[in-house]
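Each chain is listed here by its residues.
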Amino acid sequence: MKRNPKVLSIVLAGGEGTRLMPLTRDRAKPAVPFGGVFRLIDFPLSNLVNSDFRHIIVLTQYKSHSLDRHISQVWRFSSLLGNYVSPVPAQQRLGKHWYLGSADAIYQTINIIEDVKPDIVVIVGADHVYRMDFQQMVESHIESGAEFTVAGIRQPISQSNQFGVINTDPNHPGLITHFEEKPATTQGLPDDPSMMLASMGNYVANTDALFDALRKDEKAKDTKHDMGGDIAPYFASRGEAGVYDFTTNEIPGSTEKDHAYWRDVGTIKQFYDAHMDLIAYVPEFNLYNTDWPIYTYSGSLPPAKFVHAGRDRLGHATDSIISPGVIISGGEVHHSVISPNVRIHSWSQIVDSILFNNVTINRRARVYKAILDKNVVLTENATVGIDTERDLERGFTVTAEGITVVPKGTIVTD
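Since the structure is predicted, the reported quantities are computational estimates derived from the model, not experimental observations.

Reading guide: rules and limits
Residues numbered from 1 in each chain as written. Predicted model: local features only at pLDDT ≥ 70, side-chain atom pairs only at ≥ 80, totals over all residues. Heavy atoms only, no water. Helix = DSSP H or I, 4+ residues; strand = E, 2+ residues; numbered from the N terminus. Rg over C-alpha atoms; globule rule 2.2 N^0.38 Å. Buried < 20%, exposed > 50% of the residue type's maximum accessible area, 1.4 Å probe, protein only. Contact = heavy atoms within 4.5 Å. Areas by Shrake-Rupley, 256 points an atom, 1.4 Å probe, with all protein chains shown as cover. Polar contact = N/O pair within 3.5 Å; in protein donor to acceptor, adjacent residues only side chain to side chain. Domains from an automatic or database assignment. Buried area = accessible area lost by both parts, 1.4 Å probe. Salt bridge = Lys/Arg side-chain N within 4 Å of Asp/Glu carboxyl O. 1 Å grid on protein atoms, 1.4 Å probe; cavity = no way out; pocket = protein on both sides within 12 Å on 5 of 7 lines; lining within 4 Å. Points joined across faces, edges and corners; volume = space filled by probe spheres on them. Nonpolar A, V, L, I, M, F, W, Y, C, P; charged D, E, K, R; others polar. Phe/Tyr/Trp six-rings, centres within 6.5 Å; stacked < 30°, edge-to-face > 60°.

Below, the discussion takes up the overall build of the chain. The number of helices and strands found in the chain is nine helices and 30 strands. In terms of overall size, the chain behaves like a compact globule, its C-alpha atoms giving a radius of gyration of 22 Å where 414 residues would be expected to give roughly 22 Å. Viewed in the frame of its principal axes, the chain has a C-alpha envelope of about 70 × 50 × 45 Å. The buried share of the chain, taken over its 414 residues, is 52%. Contacts in the chain between residues far apart in sequence, at least 24 positions, make up 60% of those at least 6 positions apart. For the chain, the computed accessible surface area is about 18400 Å², with 48% contributed by carbon and sulfur atoms.

Attention shifts here to the environment of E284. Following the sequence through the fold, E284 ends up in the loop between helix 8 (268-278) and strand 14 (305-307). C-alpha separation for the pair E284 and K257, spaced 27 residues apart in sequence, amounts to 6.0 Å. If we ignore the near neighbours within four places in the chain, the residues touching E284 are K257, D258, Y261, R263 and D277. Among the polar contacts made by the side chain of E284, one reaches the side chain of K257 at a distance of 3.4 Å.

We now examine the domain arrangement of the chain. By a frequent convention, interface size equals the accessible area lost on bringing the separate parts together. Considered domain by domain, the chain is made up of domain 1 (7-277) and domain 2 (305-412). Between domain 1 and domain 2, the C-alpha centre-to-centre distance is 34 Å. The interface of domain 1 with domain 2 comprises 17 residues on the first partner and 24 residues on the second. Taking both partners together, domain 1 and domain 2 bury about 1700 Å²; carbon and sulfur atoms supply 71% of that area. The partner of R27 in a salt bridge is D373, and the shortest N-O contact between them spans 3.0 Å. Run the count over domain 1 and domain 2 and you get four residue pairs in polar contact (both at pLDDT 80 or more). Sorting elements by how many residues they give to the side of domain 1 that touches domain 2 places helix 8 first, with six residues.

Here we take up the environment of F34. Along the polypeptide, F34 turns up in strand 2 (residues 33-34). The spatial distance from the C-alpha of F34 to the C-alpha of V129 is 9.2 Å, given a sequence separation of 95 residues. Residue contacts for F34: discarding those within four places in its chain leaves R39, L40, F43, V129, V265, F271, A274, H275 and L278.

What follows concerns empty space enclosed by the protein. Enumeration according to the criterion identifies one cavity of 30 Å³ or more in this entry. The wall of the largest cavity is formed by R131, F246, N249, I251, S254, D258, H259, A260, Y261 and F285. Broken down by class, the residue content of the lining of the largest cavity amounts to five nonpolar, three polar and two charged.

Here we take up the pattern of salt bridges. Within the structure shown, the criterion is met by twelve salt bridges. The salt bridge involving E240 is made with R238; its shortest N-O contact spans 3.1 Å. Among the residues examined, E240 registers a relative accessible area of 21% and is labelled partly exposed. With a closest N to O distance of 2.6 Å, D391 and R394 form a salt bridge. Take D391: its relative accessible area is 1%, and that puts it in the buried class.

It is worth spelling out the packing of aromatic side chains at this point. If you walk through the whole model with that rule in mind, you get eleven aromatic pairs. Consider the rings of F38 and F43, whose centres lie 5.8 Å apart with planes at 55 degrees: the pair is tilted. Of the residues examined, F38 reaches a relative accessible area of 10% and is grouped as buried. Judged by its relative accessible area of 0%, F43 falls in the buried class. Residues F43 and F285 carry aromatic rings whose centres are separated by 6.1 Å and whose planes lie at 55 degrees to one another, so their mutual orientation is tilted. Of this pair, F43 sits in helix 1 (residues 42-50) while F285 sits in the loop between helix 8 and strand 14, and the two are 242 residues apart along the sequence. Grouped by ring-pair contacts, the aromatic residues F34, F38, F43, Y261, F271, F285 and F356 constitute a single cluster.

In structure tokens, the structure reads:
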């Protein structure tokens, strides 16, 4: 493999996101807003661009309109240098069916890869929050001599049914001997039995070897056509799969606190917890690292505004992220993430919550430990997250952890 290979990046953004309902009722999971002004797709795309990989295709499928619109409006490169981020919808090129799995999604776009003629294909998911220099992973892949490399990170063994689990050769820790997708149980690591080595869903593959594996998978009968469930085990069984230790990835501007931060946000609890990480006193994930920025565009909005400074009516926010265009008019916000163009009126309270764009909180309304999707309106004295039975009666989602989710466009009355 040459030292400066031609690289094509593929972002798998076709997931339905059923575990994030109702946030994915009207949008694809990668299009779900995150951190006030971003969408989930902005994280993998920013990582690829910061890694100087700027030939990128994004494979979409479910409810992709808002995702396609975001990519076309935000991720536009000058064509002068041949750089691009191109959304590619499911096209049924190889039969009258949609993507059968992540491996099938790549196989159905194999004509695009053939046109680009890359030496290496970088494949990443679109629903994780992290920073990663993929250039370092590609260099490690080349040095290892592997045909296929999986990015790995330590996770609690109790979560084995949520991840692909990686077993390595004790004498050659960079070589994968066995890969199993979401097993019910697994063995812990030799140096820490409570932890396992989990797949991050990011892969680097030599193009020819990837093509061969995808063609065999397409003809196989006992397959789910999945990168983690079928392609990674295929390479592991042949002794051709390596693992890249994510903890060795060095990001400019990172701190000891957020080094090697990575979160799966596939459930409401995970999504909520990742937001709470952002607003910690010393954040678990630092959005303010300008040496490795997360790119997006949130519109030409004015700065946030706080009005009313009376003793009994003080517009203020503490331990929170407040986005552009927000007006807090005599209301109180604590330990929350507020997205653009939100209006919070007098004597209202927002605590431990996430508010998406264009939410309106009218006077004396209260919101506790909740996620309000776009364009939700709380009328005067309305509450969310106070009375669980009442919230369930109104059709809201309430998780086992007590997180209440209000769907897009809902008007909540007293």
